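What follows is each chain in one-letter form.
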Amino acid sequence: MGSGSAVPDQRITNEQLASRVDTSDEWISTRTGIRERRILSELESFSQLCKKAGSLAIEMAGWDPESIDLLILATSTPDDLFGTATKIQAGVGANKAVAFDLTAACSGFLFALVTASQYLRSGSMKRALVIGADQLSSWVNWDDRKSCVLFGDGAGAVAIEASDVQDDLLGFKLRSDGQRGDCLTLPQISDFQALLQETSYQKGGFLPIQMNGQEVYKFAVREVPLILGNLMQELEINSESIDWLLLHQANKRIIDAVADRFKIPYSKVLTNLSNYGNTSAATIPLMLDEAVRDERIQKGHLIATSGFGAGLSWGAAFIKWHGPI
Ligand code: UT7
């Protein structure tokens, strides 16, 4: 029914990054398609971004925030380990909604969208606000050129509503594989300290993102076409009927490889990662909102989407954009 998004004001270009780590605009843009990213500074906050994205989606949907039953915040970077969702619930005025965080890294938005839709399909809830947002800049090692060039901060949101008339989530598939999870982690520090005599506790804290880029790349170019293809077969959808391919924005080469696999022309591929990099759980709703607001995505358009990332986790869905009534 509505979408919204928000990115920080602070912009960091590839050239600027090259003054800190041994890299270049040429390397980053040809290997990834990224030219710049937005990073939260002390002038803005993560929850402000989430709140802005959520409020814009509610406004587009034309909803009274008090009519929202459910708010799911997909994030791996809450500003409170007990969860950020309730802060956003209060911030957007969704006072009657139950709110919780959901963590599935870069697949988080898709997992949260599907989770929310199950509450709506079961009839137990009517309206849900689903937000995907991350502040990975806090967890990147800014001296590791193999990973720091990829990530940025952002938030995106959708407002979804149950309908007796039509179900615009045509189908979905979600997958997890913990056995291959080691290639992308943000692990807890193993820091055990003495508590009392002969007792200890683990002091909290996390290491920066640990990534084997090539393994993640291979995983994505193998699994994304597979899961999309299986879903297309199941739903009897052929690639010509797809209006937009909207993949998790991690690397332009991954996006192009998937488009090529299904012979989807690049004119039907949505990408904005040159401006924002990989904003993790935010990439899909951020891109969706941009294309809705500039009127590329129209009512009834069929969107093929797929998210993938740490866990490992991945999934795909076919969605028809409805928009406000
Ligand atoms: O949401 C999921 C998050 N993760 C991802 O999406 C990561 C997926 N993987 C990728 O996107 C790509 O693997 C990367 C962009 C991370 C790396 O691209 P690649 O083509 O796989 O490069 P590579 O790791 O094979 O490295 C090639 C060379 C290496 O140098 P040598 O050993 O050949 O001399 C790297 O040291 O490029 C070097 N390199 C860089 N050079 C300049 C790696 N990072 C950089 C850099 N600037 N930032």
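Here is a short report on the structure shown in this document. Please read these numbers as outputs of a predicted model, since none were measured by experiment. (Residues numbered from 1 in each chain as written. Predicted model: local features only at pLDDT ≥ 70, side-chain atom pairs only at ≥ 80, totals over all residues. Heavy atoms only, no water.)

## As for the overall build of the chain
Part 1: Each helix and strand counted, the chain has ten helices and 15 strands in total.
Part 2: A compact globule built from 325 residues would reach a C-alpha radius of gyration of about 20 Å, and the chain, at 19 Å, matches this within 12%.
Part 3: If you line up the chain on its principal axes, its C-alpha atoms span 65 × 45 × 40 Å.
Part 4: Contacts spanning at least 24 positions in sequence make up 74% of the contacts within the chain whose residues lie at least 6 apart.
Part 5: Surface summary for the chain: the accessible area is close to 14,900 Å², and the carbon and sulfur share equals 49%.
Part 6: Counting 30 positive and 39 negative side-chain charges, the chain places the averaged centre of each group 4 Å from the other. (Helix = DSSP H or I, 4+ residues; strand = E, 2+ residues; numbered from the N terminus. Rg over C-alpha atoms; globule rule 2.2 N^0.38 Å. Contact = heavy atoms within 4.5 Å. Areas by Shrake-Rupley, 256 points an atom, 1.4 Å probe, with all protein chains shown as cover. Lys, Arg positive; Asp, Glu negative; His and termini not counted. Charge placed at Lys NZ, Arg CZ, Asp CG, Glu CD.)

## Some words on the site of the ligand
Part 1: Not every one of the 21 residues close to the ligand is listed here, only the nearest: Thr-23, Arg-31, Arg-145, Gln-214 and Asn-251.
Part 2: Arg-31 is positioned such that a nitrogen or oxygen atom in its side chain is 2.8 Å from an oxygen atom of the ligand.
Part 3: A distance of 2.9 Å separates a nitrogen atom of the ligand from a polar atom in the backbone of Gly-213.
Part 4: Computed on the free molecule, the ligand has an accessible area of 950 Å², of which 77% lies beneath the protein chains in the complex.
Part 5: Secondary-structure elements contributing two or more residues to the shell around the ligand are helix H2 (25-32), helix H6 (145-148) and helix H7 (213-235).
Part 6: Looking at the shell around the ligand, the element that brings in the most residues is H7, giving four residues.
Part 7: Looking at the shell around the ligand, its residues break down into nine nonpolar, seven polar and five charged.
Part 8: Composition of the shell around the ligand by domain shows at least three residues from each of domain 1 (2-161) and domain 2 (169-181 + 208-320). (Near = heavy atom within 4 Å. Polar contact = N/O pair within 3.5 Å; in protein donor to acceptor, adjacent residues only side chain to side chain. Nonpolar A, V, L, I, M, F, W, Y, C, P; charged D, E, K, R; others polar. Domains from an automatic or database assignment.)

## Topic: helix H5 (residues 108-121)
Part 1: Spanning 14 residues, H5 covers 20 Å between terminal C-alpha atoms, matching the ideal 20 Å at 1.5 Å per step.
Part 2: Counting buried residues in H5 gives ten out of 14 residues, a clear majority hidden from the surface.
Part 3: Where H5 is concerned, the buried positions are Gly-108, Phe-109, Leu-110, Phe-111, Ala-112, Leu-113, Val-114, Ala-116, Ser-117 and Leu-120.
Part 4: Gly-123 occupies a position one or two residues after H5 and carries a positive phi of about 90°. (Expected span 1.5 Å × (residues − 1). Buried < 20%, exposed > 50% of the residue type's maximum accessible area, 1.4 Å probe, protein only.)

These figures come from the coordinates and say nothing about function on their own.
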